[in-house]
Every structure is written in structure tokens, then in C-alpha cells.
Amino acid sequence: MRIGAVCLAVAFGVGVLTSCGEQPSAPAPQTGAAPAEQHLVLDRGADSPLAVAVHGDAVLVLTTSDDGVVRSQFSDDGGPFRPGEELVTGVRWAMLDDPVRLADGAWYALGTGGVERRGGDEELVHEPFAVRSDDGLVWERVEVTGFARPADVNDLVVHDQQLLAVGAYRTADDPSMGGFTAQAWSSTDGSTYAEVDLPDVPDYRGYRTESAVGDAVTTGSTIVLGGQVGPHAAIWTSDDGETWRASDDSDLAAAQRVVGLDATTNGPVLATVVGGDRRVVRSDDAGLSWRPVAGLGAADEEDWAPLWRAGDRFLTWQAAAGGEPDWFSPEVCYADLRQCGAQPPPVVVAGEGDGAWRPVALGASDELDAVVGTADGRVLALGTTARGVRVRTWTSWGEVPDASSVAEPETVQVTMLAEGEAPEMGTTYAHPLNTHCGIERVWFADSTWRRTDDGARTWPEAWSGAPRGWPVPKRDGIPSGSVYGFATLEADGSMTYTDADGAVLATYQRAARPFYCD
């Protein structure tokens, strides 16, 4: 239920906060059908992605364990998944990317090794290796050549019977330190690769010149690659896999990197980005020019968002409240400590690239690893569990239920002292105290203050540094690190710190010298 446009005045004893925000949106009723579920027994390594591929109505799921054992589950013609035979690769901490289907009908996956036993010793490596299967159930390791340096392989596509792998070389003397330089490699047999250089990729001279390719897709006759060069997102396109061009589109350049990329067979290309004006950008000319996709908000530098495609629908995450306001902001925390920092996980939204994106109930976003669609219209959502992988299947998009709308916190307007602003005597200011260094010395009005009362001291059971009963938000019953109280400058120059009801929590005097927290 939403609060109307009229702001509500809420008395807090020490002053008045004006509640102009919205209550968290009520869940929308779910429609659609219950999915068929199957649990796949698979052992996925801690840093290994869940590799998924679709060809027609066949679905292949591939994992690599921390000890280098490749396992698969395969479904054909809409039937249940069947477990494949284990393949011991001898490469620990290995990662395989999404498999592809070769022209001869075989399945093929390329990845990067981590630790490999050589001559009785374990050696840290970043060398590509491949696996191959005729039926998705029995696998063999494929030795690959053509990689001149330690490398990370991030994605693989088939274009005109040619394999194109993308990623980055590790150019530092110590490969574990990176020195990433964007690179592509091509192969006609899945064993011998040749380097494919991409335009506008600088030599590595420090982190500001780092580059990498993260994703590759095909649309029509064009290959589109997405990644990063220095501090900017990068897109490369090619019609033959040999001659490449880099996009110079300004909407794309405003972002810092491409984190997800997908396309329909002959339709639009979508990319999720970070650091730009929009979370998702779209190209209708096979990656040459880009424009923001409305309705999904922006994504900051740390706001990673996946991009999936199932049939004609694209899917990504939508942050709670679109990221505004921040769930740790004073406007949210002073409205209700119970919601302070309690931002719900992102909501999965689906759309056709433009127009409305609707929240869909495919499972919790933080437990969702992939969403794919089959030729017969089925939609499969795959997520890792403690025992393996859970697959939820709907017969069509029409059966996928709506999810509750994106949550929005209740907010209040608060009076706070701006940096450099002198406090007015007798005015009560909302003033969060960061308690990392306790509450005996605090910072207010650009000055250090020392506590003068004999009231309650630090709550010994909590790291928050605040006494029991102070207005501190809790997560799972554990106090966090800030106190949401109110500061008032008194006539004698002291400062009184109170709770929302006006009860005095502590009193302070200006300290004679600055206090620095170790």
C-alpha cells in the first residue's frame, strides 16, 4: 500500500521528521503455472561458473569441481536430465565456459586451468584446456595450442564453422598479478588456435591500460564482443572473424565496462554495463551504435548485473528501489531502523529489449545462475544449491509467473548539518554516529567532542561500540556500526545526543585537541 502525495508529519520528541517516502510496495499476486523441478547432482567449484548450453531442445549443464573433475547433466527433447560420466582432468581450480555445439554434432567447452600437477609438484597455471563429448554424457580432454602466454578464456562462440575464443593474456612477469590485455583466438578444429588481434587495445603499462573481452555473441552474420579497455567499456564487431572494428559510440563510452552481452538471432543486441547512465544499452545495427534502454535505471561501479536470454526475452536484475534511495541513507534509517541496510536482493526482470520490463518469479536472484530457452518454447531457470543445481522449467513464457514489484523503503526528510555548516543553538540535527572507534569521542560540526556523562558505556557483546538500547539497526539480531540519534548544541556550548523520543543518551564537550581513530 502506497502513502499518498500528502506528507505525513511524525513527532519524534526532539523535533519533527516529515515522512514523504513510500511504504515498501505490497507483493503483487502471482500468476502463471508452477514449474517442473529437477535437482541435478553436480559438484561445482567455488570459483567455477555454471556452464550451460542449449541447442534446439537439448540442454547441457557442465561443472568443474575444485579438484578438476568435470561432470555433466544432459536433457534431450524435453526429457529429464541424465548424469554423464565423470572426467578427471588433473587440473584443480579449473573453469570451463559455456559449451558450444560443433558442426559434427559434438559438444565442446574451452576453459582455463588453475593448479596442475607436473612432475610430482603442483604448479599454478593459467593455461587453456578443452573438453569434448559426442553425446553430452561421455567426455574427453582436448589438448589445445596457440596460446603464447598464460591466459584467461572468458567465452566461446561458433561462427561459420569457426571457433572464436575471447578473453585476455596475463602479461605480468607473475601471471597471478594479471597484466590483462584483451585477446581473441580462432580455431577450425578445436585443438590448434591462432591469435586474433583486436583494434584499439593498448599494450599493458599498468592498471589504467588493462583490457579484456568478457562476452561474445553472434547476430545474423556478425560477431559482437564486449569488454573493457582501460576505464571505458568496449565493443568490437566483425563479419568474418578476422577483420575487426571497435565501436566509438558515445553512449557506450560513458560506461566503464560491459558485464553482460546477448542477442537474438537477427534482432537487437543488448549489453549490461556499469558506470554509465543506464544499466542496459541496446544496439539495432549489430553493435555499431548503442542507446540506453529505458526503465532499468543506472548501475554504479560496483553494481554488477547479469544478462540472459530465453527465447525472445532478455533478463537482468533490477536493484531494489532502483538504487535510490540508498537503504543505508539517513532518510531510510531514521524512518525505520528495521529497514536500515535491509535492501532486498535484486528482482529479476524480463523484457524484449524495449518497453516494459516485468518482474518474474524464477527464484531468488542471489540463487540464480542462468536462464535459458529452448526451441520448443520452454524456459529453464538454473541455480546452484548446497547439493548441486536446481532446474525449474516452465512450458512457455506465458506460464512464467509475475513476481512482486520492486521494493521501496519508507523515507523521511531529516534535518542534518552540512559539512562546513555551523550548528544553530537549540536546533536538533539528525546525526548518525559511526561507532567504529566507540562513542567516547565523536565527530560533530567539524569538531571532535569528548563524552562528559556517566551513562551507559559500550555494549560488550557487540562490535558496534554503542551501549545496549541505543538506536542501532540490527541484522539477524547483531547490531551494526552506526547510531541514529540526534545532536543539539546547548547554550553552554555542550552537545546533547538523544534518541527519537528525546531521551538523553550522552552529553559531550568540545575536545581540546583532535582525536584520531587508529
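The structure under discussion appears in the preceding block.
Residues numbered from 1 in each chain as written. Predicted model: local features only at pLDDT ≥ 70, side-chain atom pairs only at ≥ 80, totals over all residues. Heavy atoms only, no water.

(A) Molecular detail of the packing of aromatic side chains. The tally for this structure, following the rule as stated, stands at 9 aromatic pairs. Considering the side-chain rings of Phe147 and Trp185, the 4.9 Å spacing of their centres and the 50° angle between planes classify their relative orientation as tilted. Here the residue Phe147 occupies a position in the loop between strand 16 (139–142) and strand 17 (151–159), and Trp185 occupies one in strand 19 (residues 180–187), the gap between them amounting to 38 residues. As far as burial versus exposure is concerned, Phe147 and Trp185 are alike and both buried. Using a relative accessible area of 0% as the deciding quantity, one classes Trp185 as buried. Connected via pairs of aromatic rings, a cluster forms that spans Phe147, Tyr169, Trp185 and Tyr193. (Phe/Tyr/Trp six-rings, centres within 6.5 Å; stacked < 30°, edge-to-face > 60°. Helix = DSSP H or I, 4+ residues; strand = E, 2+ residues; numbered from the N terminus. Buried < 20%, exposed > 50% of the residue type's maximum accessible area, 1.4 Å probe, protein only.)

(B) Quick peek at empty space enclosed by the protein. Scanning the model with the defined rule gives 1 cavity of 30 Å³ or more in all. Estimated volume of the largest cavity: approximately 60 Å³. Looking at the largest cavity, the residues that line it are Asp251, Leu252, Ala254, Ala255, Val273, Gly276, Asp277, Arg278, Val281 and Pro292. (1 Å grid on protein atoms, 1.4 Å probe; cavity = no way out; pocket = protein on both sides within 12 Å on 5 of 7 lines; lining within 4 Å. Points joined across faces, edges and corners; volume = space filled by probe spheres on them.)

(C) Summary view of the sheet that holds strand 17. Reading across the sheet, the 4 strands line up as 17-18-19-20 and stay open at both edges, with antiparallel pairing between neighbours. Only two strands of the sheet have a single partner each, and these edge strands are strand 17 and strand 20 (194–196). Between one strand axis and the next, the sheet turns by 30° as a mean value, whatever way the strands run. The pairing of strand 17 with strand 18 (residues 162–170) spans 8 bridges and is classified as antiparallel. Pairing of Val157 across the sheet is with Leu164, part of strand 18. (Pairing = 2+ DSSP bridges. Axes fitted to C-alpha atoms, helices over the stretch in contact; angles between N-to-C directions.)

(D) Representation of the sheet that holds strand 29 (residues 308–310). Taken together, 4 strands build an open sheet; the order of strands is 29-30-31-32 and the sheet is antiparallel. The open sheet has two edge strands, strand 29 and strand 32 (358–359), and neither has a second partner.

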